[in-house]
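# Structural overview
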Amino acid sequence: MRRPVSIASILLLLATPAGGQDTSASDPRYLAYIEAEENDGTGGALVVVRSDGKEEPRTLLERGVLAADIAPGVPDRVDDPAGGETLPESRLLKIDIETGEREDVLPDETAHYLGVAASPRGDIAFYRTVARAVEPPSHLAPAIPELRQAAVPVLAPPEEPPDTGNVAADGHEDGYALRYTNDPTGGAAHAEQRVVFVEATVAEELPVAEGEGESVTVRGTQGVFYCGAATCFVSWRENETTYTVGEFGDQGEAIAFAESLQPMEDLAGIGWQSEEPFPTPELIVLREDGERVTLESVEGFCECGFPPVSWRPSARRLLVAAMAEGYTTLQEYRANGRGRPRTLAEGSIFEGPGGIFDAAYAGDRVLTLVAGDSGPPGDLRALGGGVLREDVRAFDTHGSLLAYVTGGGAVRLLDLTTDEEVRLARGAIDVSIAPDTIEEDAPPPAPNDEGPPLVLLVLILLALASLGLGTALYVAARRRRRR
């Protein structure tokens, strides 16, 4: 378990600029970074610092922050777990940088928030997982508890077999039986009974001896069709399991029913064997006016994610570092949800050029963070260009300013136009830079201590001029008398 970082240690994070002129002093803005010993999925403390270094870092949240992005107008939107070591859920918060005041953005929605990005006009894109329980079809629902006991792949009819109406199931370690009948108590006459069943077992032999029955092709494999005294059956091998269906009057009817069977995962969701709901990912844009646009929503289980990473300055497009089973795809979505996303780059954590873990618009370029199978740190690259910085853990951009975290956890601010750089803090795993500059209060007029007031100077000059004129007239009069 990660030790919470104390306030005392956070106050020591401000470092001396690492050489060069601090070009951000004339354009000061806030940076927010997540302080943690390592990126182990439990989050860290949320700390803010000014880019001009005029204030010591301030901690807004002590622990559990998973992702953060500074929105326009100073407030900071962050993910804050509800508490506990297991992080069962999290909240999407808005926090004012100056006052620390917190506000739940979606107070009535239970989810696990994993990523957030704020547009230059205040829209929020967030990636979360929502616990969903897929409801199985009604004709299978009563059988699900028993079928969960089966250790073989379960095949079932997509609809209730005609003229039946009741279902019973038996699941066990070596197989299962799924039976539909219109006579659950066995009280109807034989001619009135209707029974349709699916049985499966790990046994490798078909239920009839060699030479008995008729060889048929069913579900793309060789099976056997055979009949008893009054009903017929079909058996075959599939997925290392022997399946049998019955009771039917002829071969065509039996094979048609066998062909209609579908995996239970297709009928009741991939998580049907679990009694607990399973997490499904969503990517949603929440506009400043309250309108909501769903960009991605996966109904079933999927090992995938859609973390938003950067908004275009116009707020009309959104970069998303989509991931699925070790592969990453940098995609550009329309913020209004229309059309399909455009793929800008692809990568893999298993092979070159590596997975794309972060990206951002930077003027007319797109910057990407590319790393290997162990994730960041990696190389900060311009899309289609060369490496800007190596050993980068996370980054963010606004205008010509680039904030990034090194592999060692140092927070650095780089001016892309001058290549001048300062170091602002240490111990970070993620960083965000504000789109707005900090408005400084105008200083009061300084008293003039360099000499007398201007009015007094004017009077002195006039007096000197009058004195000089008087002296000149007196000298001229003395000369006339001597003549």
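Scroll up a little and you will see the structure.
Anyway, here's the lowdown on the structure attached to this text. What you are looking at is a predicted structure, and each value in this text was computed from that prediction instead of being measured. (Residues numbered from 1 in each chain as written. Predicted model: local features only at pLDDT ≥ 70, side-chain atom pairs only at ≥ 80, totals over all residues. Heavy atoms only, no water.)

## Examining the pattern of salt bridges
Opposite charge on two side chains allows them to pair when their charged atoms are near. Applying the stated criterion to the full structure yields 20 salt bridges. The shortest N-O distance in the salt bridge between Glu282 and Arg128 comes to 2.8 Å. Separated by 154 residues along the polypeptide, Glu282 in strand S19 (residues 278-286) and Arg128 in strand S9 (residues 124-132) bring together distant segments of the chain. In this pair, the class of Glu282 matches that of Arg128, namely buried. With a closest N to O distance of 4.0 Å, Glu332 and Arg317 form a salt bridge. Here the residue Glu332 occupies a position in strand S24 (residues 327-334), and Arg317 occupies one in strand S23 (residues 317-324), the gap between them amounting to 15 residues. Accessibility expressed as a relative area gives 3% for Glu332, which makes it buried. (Salt bridge = Lys/Arg side-chain N within 4 Å of Asp/Glu carboxyl O. Helix = DSSP H or I, 4+ residues; strand = E, 2+ residues; numbered from the N terminus. Buried < 20%, exposed > 50% of the residue type's maximum accessible area, 1.4 Å probe, protein only.)

## Some remarks on the sheet that holds strand S1 (residues 30-35)
Pairing in this open sheet of 4 strands is antiparallel, and the strands run S3-S2-S1-S33 from one edge to the other. At either margin of the open sheet sits one strand with a lone partner, and together these are strand S3 (58-65) and strand S33 (428-433). For this sheet, the mean inter-axis angle between neighbouring strands, taken without regard to orientation, is 25°. Looking at chain direction, strand S2 (residues 44-50) and S3 are connected through 4 bridges and run antiparallel. Bridge pairing in S3 links Val48 to Arg58. (Pairing = 2+ DSSP bridges. Axes fitted to C-alpha atoms, helices over the stretch in contact; angles between N-to-C directions.)

## Structural notes on unusual backbone geometry
Only a minority of non-glycine residues have a phi that is not negative, and only a minority of peptide bonds are not trans. Omega for the bond connecting Gly246 with Glu247 falls within 30 degrees of zero, at -10°, which places this linkage in the cis form. With respect to the helices, strands and loops of the structure, Glu247 is situated in strand S17 (residues 241-248). The backbone of Ala315 sits at a positive phi, close to 65°, despite the residue not being glycine. Assignment of secondary structure puts Ala315 in the loop between strand S22 (308-311) and S23. Non-glycine residue Asp391 carries a positive phi angle of around 55°. In this fold, Asp391 is placed in strand S29 (residues 387-398).

## So, the packing of aromatic side chains
This model, assessed by the stated rule, comprises 5 aromatic pairs. Geometrically, the ring pair formed by Phe197 and Phe233 is tilted, given 6.0 Å between the ring centres and 40° between the ring planes. Of this pair, Phe197 sits in strand S13 (residues 195-201) while Phe233 sits in strand S16 (residues 232-238); the two residues are 36 residues apart in sequence, bridging distant segments of the chain. Side by side, Phe197 and Phe233 carry an identical accessibility label, which is buried. Here a set of aromatic residues connected by ring pairs shows up, and it is made of Phe197, Tyr226 and Phe233. (Phe/Tyr/Trp six-rings, centres within 6.5 Å; stacked < 30°, edge-to-face > 60°.)

## Concerning the pairing of S19
For S19, a buried count of 8 out of 9 residues is recorded, marking the element as mostly surrounded by other parts of the structure. In this sheet, S19 lies alongside S9 in antiparallel orientation, the contact comprising 9 bridges. Bridging across to S19, Tyr127 finds its partner in Leu283. The pairing of S19 with strand S20 (residues 292-297) spans 5 bridges and is classified as antiparallel. Bridge pairing in S20 links Glu282 to Ser297. Between the antiparallel neighbours S19 and S20 lie 5 residues, among them Gly290 with a positive phi of about 95°.

## Some words on the sheet that holds S9
Strands sit in the order S8-S9-S19-S20 across an open sheet of 4 strands; the sheet is antiparallel. Every interior strand has two partners, whereas the edge strands, strand S8 (112-118) and S20, have only one. Within this sheet the neighbouring strands show an average axis-to-axis angle of 25°, counted without direction.

## Quick look at the state of the cysteines
Enumeration according to the criterion identifies 1 disulfide in this entry. At a sulfur-sulfur separation of 1.9 Å, the disulfide partner of Cys227 is Cys232. Between Cys227 and Cys232, the S-S torsion sits near 100°, and that sign places the bridge as right-handed. With a relative accessible area of 44%, Cys227 lands in the partly exposed category. (Disulfide = S-S within 2.5 Å.)

## Structural notes on the environment of Ala268
Tracing the chain through its elements places Ala268 in helix H4 (residues 264-268). With a relative accessible area of 2%, Ala268 lands in the buried category. Taking the C-alpha atoms as reference points, Ala268 and Ala133, separated by 135 residues in sequence, lie 9.4 Å from one another. Residues contacting Ala268, with those up to four places away along its chain left out, are Val134 and Pro136. (Contact = heavy atoms within 4.5 Å.)

## Description of the environment of Ala168
For Ala168, the location among the structural elements is in strand S11 (residues 166-172). Taking the C-alpha atoms as reference points, Ala168 and Ala143, 25 residues apart in sequence, are found 6.1 Å from one another. If near-sequence neighbours (up to four positions away) are discounted, Ala168 is found in contact with Ala177, Leu178 and Arg179.

## Some details on the pairing of strand S26 (residues 355-362)
For S26, a buried count of 7 out of 8 residues is recorded, marking the element as mostly surrounded by other parts of the structure. Judged from the 7 bridges that link them, S26 and strand S27 (residues 365-371) form a sheet pairing that is antiparallel. For Asp358, the partnering residue across the bridge sits in S27 and is Leu369. Counted along the chain from S26 to the antiparallel partner S27, the turn is 2 residues long, and its residue Gly363 has a positive phi close to 65°.

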